[in-house]
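Here is what each chain is made of, one letter per residue.
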Amino acid sequence: MAQQRRMGGQPMFIMSEDSQRTQGRDAQSSNIMAGKAVAEAVRTTLGPRGMDKMLVDSSGEVVITNDGATILNEMDIEHPAAQMIVEVAETQEEEVGDGTTTAGVIAGNLLGEAEDLIEQDVHATTIVEGYHEAASIAQEAIDEQVGDAAVDDEILKQVGESSMTGKGTGGLTAESLAETVVEAVRHVETDDGVARDNVTVHTQVGASSNATELVPGIVIDEEPAHEGMPSSVEDASIAVLDVELGVRTGDVDAEYAIDSIDQLNAAIDAEESEVQGYAETVAESGADVVVTTDDVDDRVSTFLANEGILVFENVGSSDTKDIISATGATRVGALDDLEEADFGHADRISAENYGDDDLAFIEGGAAAETVTVFVRGGTEHVVDELERAIGDALDVVATALESGEVVPGAGATEIAIADKIRQEAAGIEGRKQLAVTAFADALDVVPRTLAANTGQDPIDALVDLRAAHESEGRAGLITDGEDVTIGDPLESGVVDPADVKREAVESATEAATMIVRIDDVIAAE
Ligand code: ADP
Ligand code: MG
């Protein structure tokens, strides 16, 4: 409804007549409802027994996933408040790479609790203050949960495995994948931390997921320019060119006035010798492998094939960059400038065919410690979900290795946080105490959902978990194959990086408090 003011009898519109305005409680409850609905949408995917979702976009493209951030991204959400929950998952994904579902469901539950408080006439500002206070108690509780044990390969493997359990890992166990992930992260570890960007994931449909392996280098989608070329070169010197190896395509349209067969032959000869010249220059440069961003004339590639040189033509700009950073090659813009100092080096460069796809492997590059997790799987959907699961696992293992801090998973940390908040809430005055306690109740959503998703009664599980936490100091709902038991997650190897929990609490709190504070929604048409 358009806002109207009267000035001197004339109606004055300060907003477009078509804009929509919702105010007060209506605005609050519609925003809260939208936010809750989004969180609800990912709830069933949480944990090792979480279910997958199949998302079909308007062009019929199908994505099957268990990943919170992916689901929310694909859902094409329009409501602005709901969009804020999507952003929680996105932030979580960007900052720590995992825990997106957790962050989303916590945010949704914080909103649900806020709704109840508003019903009880607790003011939004009081809720916001209480939530912030509770969030800082939560951060302290997370610090207290950090395990004493040094984060070694065994713990890193557990972190990776915990993040992948229940994901579509094909026929592969999360355990064996976690080993590959830890190996990859260890490979790119430096004195300054983990060069996470140096680990890439390359998917290739075809084989069973068991064939997934770690390639000590990069994998790119390129094929040799000629089938007679060697399929593999050891101890390779590689030249990277921005040069067309042939008669420049630009010249083809040029007109030649040819009046005799002699002139034609001369023109052909000139072209032949030009092409021959390119081929010889390249061959004589001493490079065993040549990569060019441009075309290579068939005659040149035949010649180079005979010389035993492996050539990749029309290589895309991002692949070229990767090759340069792996091998240390310098890009050369003119053939005359090509010299040995520009070559990059690699232990092995090979070309392999996978059905419809041709791949080039550049292993043991001299310039960078890049590694690639070469993911195999039976179908496109399997490798895509594996890629996401491995991406998350790489992130959490890198995070855990860098910070050296892990906390018990399986809901144990959330139980401990809620417990600490409830204890401290007693000392908080006024209605704010209600908000602080509500925050603790909201965190219970994680253990409750883990229970519900394993077919357990969430209330019973929560009661049992609290009792076990009270007596043992640490208690999670551990899923191991078919068994679901209450126990110490650290002993069962269910661990999450502390930073994943810290970020989840922070981003969920931020989004929930921001939504709660809104009491006026003005939307242009
Ligand atoms: P998110 O998107 O939040 O990472 P996940 O579906 O990956 O959601 O589930 C993560 C939760 O599952 C964490 O709380 C983690 O501790 C828990 N978890 C992982 N493995 C197990 C297990 N074997 N038993 C119980 N809980 C587990
Ligand atoms: Mg996860």
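Residues numbered from 1 in each chain as written. Chains lettered and ligands numbered in written order. Predicted model: local features only at pLDDT ≥ 70, side-chain atom pairs only at ≥ 80, totals over all residues. Heavy atoms only, no water.

Looking now at the site of ligand 1. In the neighbourhood of ligand 1, 21 residues make up the surrounding shell, with Asp98, Thr101, Thr102, Ala410 and Asp496 lying closest. Here an oxygen atom of ligand 1 sits 3.4 Å away from a polar atom, N or O, in the main chain of Thr45. Separating an oxygen atom of ligand 1 from a backbone N or O atom of Gly99 is a distance of 3.1 Å. The fraction of the free accessible surface of ligand 1 (580 Å²) that becomes covered by protein chains is 96%. Listing elements by their share of the shell around ligand 1, those giving two or more residues are α4 (100–119) and β19 (476–480). (Near = heavy atom within 4 Å. Polar contact = N/O pair within 3.5 Å; in protein donor to acceptor, adjacent residues only side chain to side chain. Areas by Shrake-Rupley, 256 points an atom, 1.4 Å probe, with all protein chains shown as cover. Helix = DSSP H or I, 4+ residues; strand = E, 2+ residues; numbered from the N terminus.)

Time to look at the pattern of salt bridges. In the structure shown here, the tally under the stated rule is 24 salt bridges. Between Arg502 and Asp499 there is a salt bridge, and its shortest N-O distance comes to 2.8 Å. One end of the pair, Arg502, and the other, Asp499, are both in helix α18 (residues 498–517), three residues apart, so they sit about a helical turn from each other. According to the relative accessible area criterion, Arg502 is buried, its value standing at 17%. Accessibility expressed as a relative area gives 23% for Asp499, which makes it partly exposed. Here the salt bridges do not stand alone but share partners, grouping Asp143, Glu405, Asp499 and Arg502 into one network. (Salt bridge = Lys/Arg side-chain N within 4 Å of Asp/Glu carboxyl O. Buried < 20%, exposed > 50% of the residue type's maximum accessible area, 1.4 Å probe, protein only.)

Spatially, the three strands line up as an open sheet ordered β8-β17-β9, and their pairing is mixed. Strands with a single pairing partner mark the edges of an open sheet, and in this sheet they are β8 (199–205) and β9 (213–215). Direction aside, the axes of adjacent strands within the sheet are offset by 30° on average. One ladder, built from seven bridges, connects β8 with strand β17 (residues 371–377); its direction is parallel. (Pairing = 2+ DSSP bridges. Axes fitted to C-alpha atoms, helices over the stretch in contact; angles between N-to-C directions.)

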